[in-house]
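# Report on the structure
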Amino acid sequence: MARTEAVDCSTDTHPSIDEPGRLAALRQYRILDTDPEIEFDDLTRLASALCGTPIALISLLDENRYWFKSRVGLDICQVPRGGGFCIHALFSRELMVVEDAEQDPRMKTSPLVTRPPHVRFYAGAPLITSDGVPLGTLCVLDYAPRALTPEQRDGLRRLARHVMVLFELRKNNDALRQAVAERDQAEWELRQIRQNLEQRVTERSTELLEANEHLRREAAEREREKNLLDELLDSLPGAFYVFDDHGHFLRWNRHFFNVLGYSDEEMADRHPPDFFAGDKPAVAAAIAKAFMEGEAEVVAHIIKRNGESLPYLFNGHRIEIDGKTYLCGMGVDISSQKRAEQRTAEAEQRYRMVAQLSPTAIFVIRDGRCVFANQGAARLLRSGSASELVGRALLDFLHPQCRDAFPVDAVFPERDWHGSPRTETRMLALDGSELDVEVASAPLRLNDVDAHIMVAHDITDSKRHQAQLQYQAHHDALTGLPNRALLIDRLEAMLARCERHGSQAHVIFFDLDNFKLINDSLGHHVGDELLKLVGSRMQECMRREDTLARLGGDEFVVAVADKTDREIAQFLLPRMIAAIGQPYLLGDKEIHPVCSIGISSYPADGEDVTTLLKRADMAMYRAKETGRNRFQFFTEDMNRKIDERLRLQSRLQRALQRGEFIVHYQPKVDLPSGRICGAEALLRWHPLGEEAVPPSKFIGLAEETGLIVPIGDWVMRAACAQSKEWEAHGLPAISIAVNCSPRQLLDPDFIERMHALLEETDIDPGRLEIEVTEGTIMQHPEEAIAILARMKELGLKLSVDDFGTGYSSLSYLKRFPIDRLKIDQSFVRDLPDDRDDAAIVEAVASLARSLGLRVTAEGVETAAQAEFLRQHCNDEAQGYYFSKPLPAADFAALLRAGAVAMH
Ligand SMILES: Nc1nc2c(ncn2[C@@H]2O[C@H](COP(=O)(O)OP(=O)(O)OP(=O)(O)O)[C@@H](O)[C@H]2O)c(=O)[nH]1
């Protein structure tokens, strides 16, 4: 390709050309300064080839230059406007051919010609728009002069049109692209707008939703508040209302429906006075007042829907809402208050009547003076009328000794069982008599002033009674002397005093001897009289500070302080014994009582009341044991004896289990024949490893402790068993006598046990003889007779032991269901010499015969006694003369022999 430099060409225009319009048209194609495009380059090459030129160009002319859209054979892309040739072809709108440029005046000066590439040939076909506007040329150039064939010319023109078509196509494409771009832009903008719109819609929706939610919440809140207000109003304990100055209700609560029975529709149609009948004027006045003055209150009977009327307390308050005036208020049912007022009034009336009519004295005290008194008070204080007491000072009614202590301010120290403050005091009645009263009091407000109500109760009688009871609790009813309780109190006080002063005290125990005999023989009332006289005589021997008490029965105790043993023994006791022993004339009987006395001294014999009393008692028993009618000081030896007795008791308790008892049998002899006709079973005790204990030492103890019951049962059982055994061994049939003690006889189960024993041992009851002492029967004769009768029903034989010692009367003897009398050995001992005894024995034998009873003489020791008895009694006898009590085997041998030897 030929290289050339840009050539400066002179600028030309043509009158037929609207240059600015052309330039504007050119710019519309938007092709200047664009990249090469193959479609144009193909046409350029085609033109070069068609015309056979080395150079072919598509040249476009703008204000300043020729710009080549496509070029073949030339490596510059533009030349200045004044340096080119195309303008001629362009302005002529025709194909222009310059066969030799050096020859053409229009071109020969062109730098393209004058300078390299030294163009000599030029042919250019104008590029004309459909509107006829020339834009440039499709031109071919050569370095040598030449010509174009018509075909080449035509071909060049056609190619120029193709170039134009391409221009148009390109322009249209551009326009299309532009349109598409614009459409895309528009779409994009549309999308943007839509997105914006959507976003705004979303935002707006959210705002609306939020606003909506806010509104909803506000509405709900307002609804809730409204409900709350409604509930609040409905829960008010009365009829709530708001009405305007025309009486139209704006607001009311459920009370109107629930309590008064009016529906909401009825409420809307009503005016306040419509709810009232008789109270209409008062209600209207109150409403007017409330509107005028701001508030008012009225009590009126509201008429319920069902016609019932209820008392209500209404209040109204004027309120302003939005410049309008209303009355707002509430009516409260005051029926219960009215009823309560009524009840209070009635109760007050009642209490006033009760207070007036109450038998209890009631005072109302204010500032220490009586401002009210009832009939009871008038009666208590022996006043003519209650009004007489009103105005008087309370202190006037109090006993002078009680005035200082009486709490006039009603603050009492104690409380009664209702919890009310109470006190006891002494009052003075108007007639001067003194009264013990119990006073209860309570504070009271009277006409706004502190007062107190005082209830007084006359306890003079009960005080007296109480004192009496107190006295009885501490004194013996028969003699009026202190009893054991008071004695103990006094003794304790006395010992405390003696301890403080280091002095001595004595407890002296008196027990009358054989007092029971007096009771039994002369009657209980005589015994009572004697006890009273003994008491008063003893009292006379004593100082005021000493105490004489009766413990019961015939036991008296004297407590004396500050005396020595010697003073007691030499002065006090002889004086008292002498006083007691003075004869008593009771009825037609003269009695000379004697007593046994035991003394213990403080602190030598004991330092407490119980010990001293116990030891004085022990000493008294010793005095009894050693002959009675004497006194005995306590000694330690007595304690030892008591211990021995306790030891014996515990051994005795174990003896039965350890089999230490045995039974000996003493024969009873039939005096006419000398044959053994029976035996008396006698208990013997041989403690294991020790000497035998004589019955006299343990029978009494067994009786006292009650052990005699099981021991006695054992003897009965042993005797029965022995009898059966002898019978089995073919020994002669004899009866066995067994002793029965008072405890055994009176034991409630005795008969049952006897019955069981007879069944168990299968003994003939007629062979068993029960011996009961006359003394036992005479202790409780009626009871004993009944029990003996039941024993008789069992088929047992019964005999009265120790007959003659027990003072039984003949009338009783007749009633005893017995078979035999046993003459006590004290009547036998001096036979036959003692005439009295002999007479007694003969009398008893004759009495027995006349009563159909048999007789046994006890304690026969000599032949003379036996002979006397054989002559005068001629029945049965027992005693050492015939035989001592024998062990069972020895007795059996004797029985087998048939008779005892008479010495
Ligand atoms: N009259 C009368 N007798 C009473 C009263 N209280 C008890 N007795 C009787 O008094 C008696 C007292 O019994 P004891 O002291 O054992 O009998 P006792 O005959 O004095 O015998 P010893 O004291 O051993 O001499 C009993 O018979 C009681 O029934 C009473 O108030 N009045």
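All figures in this text were calculated on a predicted structure; none of them were measured in a lab.

Before going further, it helps to examine the overall build of the protein. The secondary structure content of the protein amounts to 29 helices and 33 strands. Residues classed as buried in the protein amount to 45% of the 903 residues present. Pairs at least 24 apart in sequence give 60% of the contacts found in the protein among residues at least 6 apart. When the accessible surface of the protein is totalled, it reaches about 47,300 Å², and 52% of it is carbon and sulfur.

This part takes up the pairing of strand E20 (residues 555–561). The buried fraction of E20 amounts to 7 of the 7 residues, a majority that puts the element mostly inside the structure. Burial of the side chains of E20 extends over both faces: Glu 555, Val 557, Ala 559 and Ala 561 are buried on one face and Phe 556, Val 558 and Val 560 on the other. Across 7 bridges, strand E18 (residues 505–512) lies against E20 in antiparallel orientation. Bridge assignment links Val 507 to a residue of E20, and that residue is Ala 559. Relative to E20, strand E19 (residues 547–552) runs antiparallel, the two being bridged by 5 bridges. Across the sheet, Gly 552 pairs through a bridge with Glu 555, a residue of E20. Here E19 folds back onto E20, and the loop between the two strands holds 2 residues, one of which, Gly 553, carries a positive phi near 55°.

Let us look at the sheet that holds strand E7 (residues 239–244). If you trace the 5 strands from one edge of the open sheet to the other, you get E8-E7-E11-E10-E9, paired in antiparallel fashion. The open sheet has two free edges, formed respectively by strand E8 (249–252) and strand E9 (295–303), since each of these has just one partner strand. On average, each strand axis in the sheet is tilted by 25° relative to the strand beside it, whichever way the strands run. Where E7 and strand E11 (residues 324–333) come together, 6 bridges link them in antiparallel fashion. Among the inter-strand pairings, Phe 243 is bridged to a residue of E11, identified as Leu 327.

Quick look at the pattern of salt bridges now. Going through the model one piece at a time under the given rule, you end up with 65 salt bridges. For Asp 142, the salt bridge goes to Arg 146, with nearest N and O atoms at 3.5 Å. With a relative accessible area of 12%, Asp 142 lands in the buried category. Given a relative accessible area of 23%, Arg 146 falls into the partly exposed group.

Now for helix H18 (residues 636–655). Between its terminal C-alpha atoms H18 stretches 29 Å, which fits the 28 Å expected from 20 residues at 1.5 Å a residue. Of all the positions in H18, only Met 638, Asn 639, Leu 648, Leu 652 and Ala 655 are classed as buried. In this structure, the buried side of H18 is in contact with helix H17 (609–625), strand E24 (631–633), strand E25 (661–670), strand E26 (675–685), helix H19 (695–705) and helix H20 (708–728).

Asn 514, Asn 519, Asp 528, Lys 624 and Arg 628 are the nearest of the 16 residues found near the ligand. Note that an oxygen atom of the ligand is positioned 2.9 Å from one of the side-chain N or O atoms of Asp 511. Within the side chain of Arg 550, a nitrogen or oxygen atom sits 2.9 Å from an oxygen atom of the ligand. Alone, the ligand offers 650 Å² of accessible surface; in the complex the protein occludes 68% of this. Elements supplying a minimum of two residues to the shell around the ligand: E18, helix H14 (515–522) and helix H15 (524–540). Per-element accounting of the shell around the ligand gives the leading share, 4 residues, to H15.

Our next topic: unusual backbone geometry. Here the residue pair Tyr 602 and Pro 603 is connected by a cis peptide bond, since its omega of 0° sits within 30 degrees of zero. By secondary structure assignment, the location of Pro 603 is in the loop between strand E23 (595–602) and H17. Put simply, Leu 831 and Pro 832 share a cis peptide bond, and its omega is 0°. Relative to the assigned elements, Pro 832 resides in the loop between helix H26 (825–828) and helix H27 (835–851).

Next up on the list: the packing of aromatic side chains. Evaluated as defined, the whole model comprises 23 aromatic pairs. Considering the side-chain rings of Phe 243 and Phe 249, the 5.6 Å spacing of their centres and the 80° angle between planes classify their relative orientation as edge-to-face. Summarising the burial analysis for this pair, Phe 243 and Phe 249 share the class buried. With a centroid separation of 5.9 Å and 75° between ring planes, the pair formed by Phe 249 and Phe 275 is classed as edge-to-face. Remark: Phe 275 occurs in the loop between helix H7 (264–269) and helix H8 (280–293) and Phe 249 occurs in strand E8; sequence separation between them is 26 residues.

Next up on the list: the sheet that holds strand E2 (residues 65–72). One open sheet holds the 6 strands; their spatial order is E3-E2-E1-E6-E5-E4, and the pairing between them is antiparallel. Where the open sheet ends on each side, the last strands, each with one partner, are strand E3 (78–80) and strand E4 (96–98). Across the sheet, the mean angle from the axis of one strand to that of its neighbour is 25°, orientation sign disregarded. Where E2 and E3 come together, 3 bridges link them in antiparallel fashion. By the bridge assignment, Tyr 66 is partnered in E3 with Val 79. Contacting strand E1 (55–61), E2 and strand E6 (134–142), helix H2 (residues 38–51) runs over the sheet at an angle of about 80° to E2.

A separate point is the confidence of the model for the protein. This prediction gives the protein a mean pLDDT of 88; 96% of its residues lie at or above 70. Our summary of model confidence lists the complex with pTM equal to 0.45 and ipTM equal to 0.96.

Residue placement: Phe 363 occurs in strand E12 (residues 361–366). Residue Phe 363 is classed as buried on the basis of its relative accessible area of 0%. C-alpha of Phe 363 to C-alpha of His 452: the two residues are 89 residues apart in sequence and 8.4 Å apart in space. The contact partners of Phe 363, leaving out residues within four places of it in the chain, are Cys 370, Phe 372, Ala 373, Ala 377, Leu 381, Leu 389, His 452, Ile 453, Met 454 and Ala 456.

The rules we used
- Residues numbered from 1 in each chain as written.
- Predicted model: local features only at pLDDT ≥ 70, side-chain atom pairs only at ≥ 80, totals over all residues.
- Heavy atoms only, no water.
- Helix = DSSP H or I, 4+ residues; strand = E, 2+ residues; numbered from the N terminus.
- Buried < 20%, exposed > 50% of the residue type's maximum accessible area, 1.4 Å probe, protein only.
- Contact = heavy atoms within 4.5 Å.
- Areas by Shrake-Rupley, 256 points an atom, 1.4 Å probe, with all protein chains shown as cover.
- Pairing = 2+ DSSP bridges.
- Axes fitted to C-alpha atoms, helices over the stretch in contact; angles between N-to-C directions.
- Salt bridge = Lys/Arg side-chain N within 4 Å of Asp/Glu carboxyl O.
- Expected span 1.5 Å × (residues − 1).
- Near = heavy atom within 4 Å.
- Polar contact = N/O pair within 3.5 Å; in protein donor to acceptor, adjacent residues only side chain to side chain.
- Phe/Tyr/Trp six-rings, centres within 6.5 Å; stacked < 30°, edge-to-face > 60°.
- pLDDT = per-residue confidence, 0-100.

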